[in-house]
Each structure stands twice: as structure tokens, then as C-alpha cells.
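Below are the chains, spelled out letter by letter.
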Amino acid sequence: MTTLPNCPECNSEYTYEDGAMLVCPMCAYEWVPGEENNAEEEKVYRDANGNILQDGDTVSVIKDLKVKGASSVLKMGTRVKNIRLVDGDHNIDCKIDGFGAMKLKSEFVKKL
Ligand SMILES: [Zn+2]
């Protein structure tokens, strides 16, 4: 009998195999064994100039961006305070005056 690794997310021991994946029934996390170490590596997010962004940074938008569901355009030069980095296509979570909570791509901002 093989021993499955604990869940890398919640450390539960009740993991089970599902094809090539391992699944944790406690937190619903799924991963491919052997790759969980890569997932723990801290991801680096860079702005348009290649500077590394961090949570809490203030950035400025480098081009006019259309905002889904908003009537106005997010103008180039708009300051965005206190960003939060997230994993995803739009990797910056933030709040912008006049727009509210929204997501941006790090490639369209520069760190101030
Ligand atoms: Zn888990």
C-alpha cells in the first residue's frame, strides 16, 4: 500500500488519487504529485518595466484601459494604491476611485 502525501494546502492526510491527480476532500485542492513544490515557490509579478511588484505597492496605469462593465475608460496615469497580487490572468486586485474593486494586468502598470 502506498502512502499518499498530505494535502499541500491544508495538510490533511485524507488525500486520494484521481487519475494522475491527487485530491484533498477536506479543502477540495487538486494537484499533480511531484509538482506541489513548484506551487509553493513564490510567484513573481513584474510591472511593464520589469520591476517586481509587491502587495501594498502603488502603481500607475501606463495606458488607457477599457473596463468591463464601466462606462468610462481607466486613464493612463491613474494611480492605484495598495494593490494586492493574485494568481491569474489579471494578477492585480485593487480598488480605484470611481471604479471600485477591479482587477488589472501587471503588464499595464508601473510601480511608483
Ligand atoms: Zn486540503
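In this report, the structure presented in the accompanying data block is examined.

Here is what the cut-offs are and how they apply
- Residues numbered from 1 in each chain as written.
- Predicted model: local features only at pLDDT ≥ 70, side-chain atom pairs only at ≥ 80, totals over all residues.
- Heavy atoms only, no water.
- Donors = N, O, S within 2.8 Å, 3.2 Å for Na, K, Ca; no water.
- Tetrahedral: all angles 85-135°; square planar, octahedral: opposite > 155°, others 65-115°.
- Buried < 20%, exposed > 50% of the residue type's maximum accessible area, 1.4 Å probe, protein only.
- Core = buried A, V, L, I, M, F, W, Y, C linked by side-chain atoms within 4.5 Å.
- Helix = DSSP H or I, 4+ residues; strand = E, 2+ residues; numbered from the N terminus.
- Contact = heavy atoms within 4.5 Å.
- Pairing = 2+ DSSP bridges.
- Phe/Tyr/Trp six-rings, centres within 6.5 Å; stacked < 30°, edge-to-face > 60°.

A word on the coordination of the zinc ion. Binding of the zinc ion to the protein goes through Cys 7 (SG), Cys 10 (SG), Cys 24 (SG) and Cys 27 (SG), at separations of 2.2 to 2.3 Å. Here the zinc ion is ringed by four donor atoms whose angles at the metal span 107 to 113°, and the overall shape comes out tetrahedral. One chain supplies every donor to the zinc ion, and in sequence these donors are spaced C-x2-C-x13-C-x2-C. On the basis of relative accessibility, which here comes to 1%, the residue Cys 24 falls in the buried class. The partly exposed category is assigned to Cys 27, whose relative accessible area is 35%.

This part is about the nonpolar core. Counting 16 residues, the largest nonpolar core has Leu 74, Val 80, Ile 83, Ile 92, Cys 94 and Leu 104 as the members making the most contacts within it. Of all the secondary-structure elements, those providing two or more residues to this core are β6 (59-61), β11 (92-96) and β12 (100-104). Discounting residues that sit within four places of it in the chain, Val 80 has contacts with Asp 57, Thr 58, Val 59, Val 61, Cys 94, Lys 95, Ile 96 and Leu 104.

Let's shift gears to the sheet that holds β6. Remark on secondary structure: sheet strands pair via backbone hydrogen bonds, oriented parallel or antiparallel. Read across the open sheet, the three strands follow the order β9-β6-β13; overall the sheet is antiparallel. Of all strands in the sheet, those with a lone pairing partner are β9 (79-80) and β13 (109-111), marking the two edges. Looking at chain direction, β6 and β13 are connected through three bridges and run antiparallel. Across the sheet, residue Val 61 finds its bridge partner in β13, namely Val 109.

Attention now moves to the packing of aromatic side chains. Within the structure shown, the criterion is met by one aromatic pair. Here the aromatic rings of Tyr 29 and Trp 31 are separated by 5.6 Å at their centres, their planes lie at 25°, and the arrangement is stacked. Trp 31 gets classed as buried once you look at its relative accessible area, which sits at 4%.

The next subject is unusual backbone geometry. If a residue is not glycine, its phi is most likely negative; likewise, a peptide bond is most likely trans. Its identity as a non-glycine residue notwithstanding, Asn 11 has a phi of 65°, on the positive side. Residue Ala 28 is not a glycine yet carries a positive backbone phi of 70°. Structurally, Ala 28 can be placed in the loop between β2 (21-23) and β3 (30-31).

With that settled, consider the pairing of β11. A large share of β11 lies buried, amounting to four of its five residues. The hairpin turn running from strand β10 (residues 84-85) into β11, its antiparallel successor, is six residues long, and Gly 88 in that turn takes a positive phi close to 155°. In this sheet, β12 lies alongside β11 in antiparallel orientation, the contact comprising five bridges. If you follow Lys 95 over to β12, its bridge partner there is Ala 101. In textbook terms, the turn of a hairpin is the stretch between consecutive antiparallel strands, and for β11 and β12 this stretch comprises three residues, one of which, Gly 98, has a positive phi near 90°.

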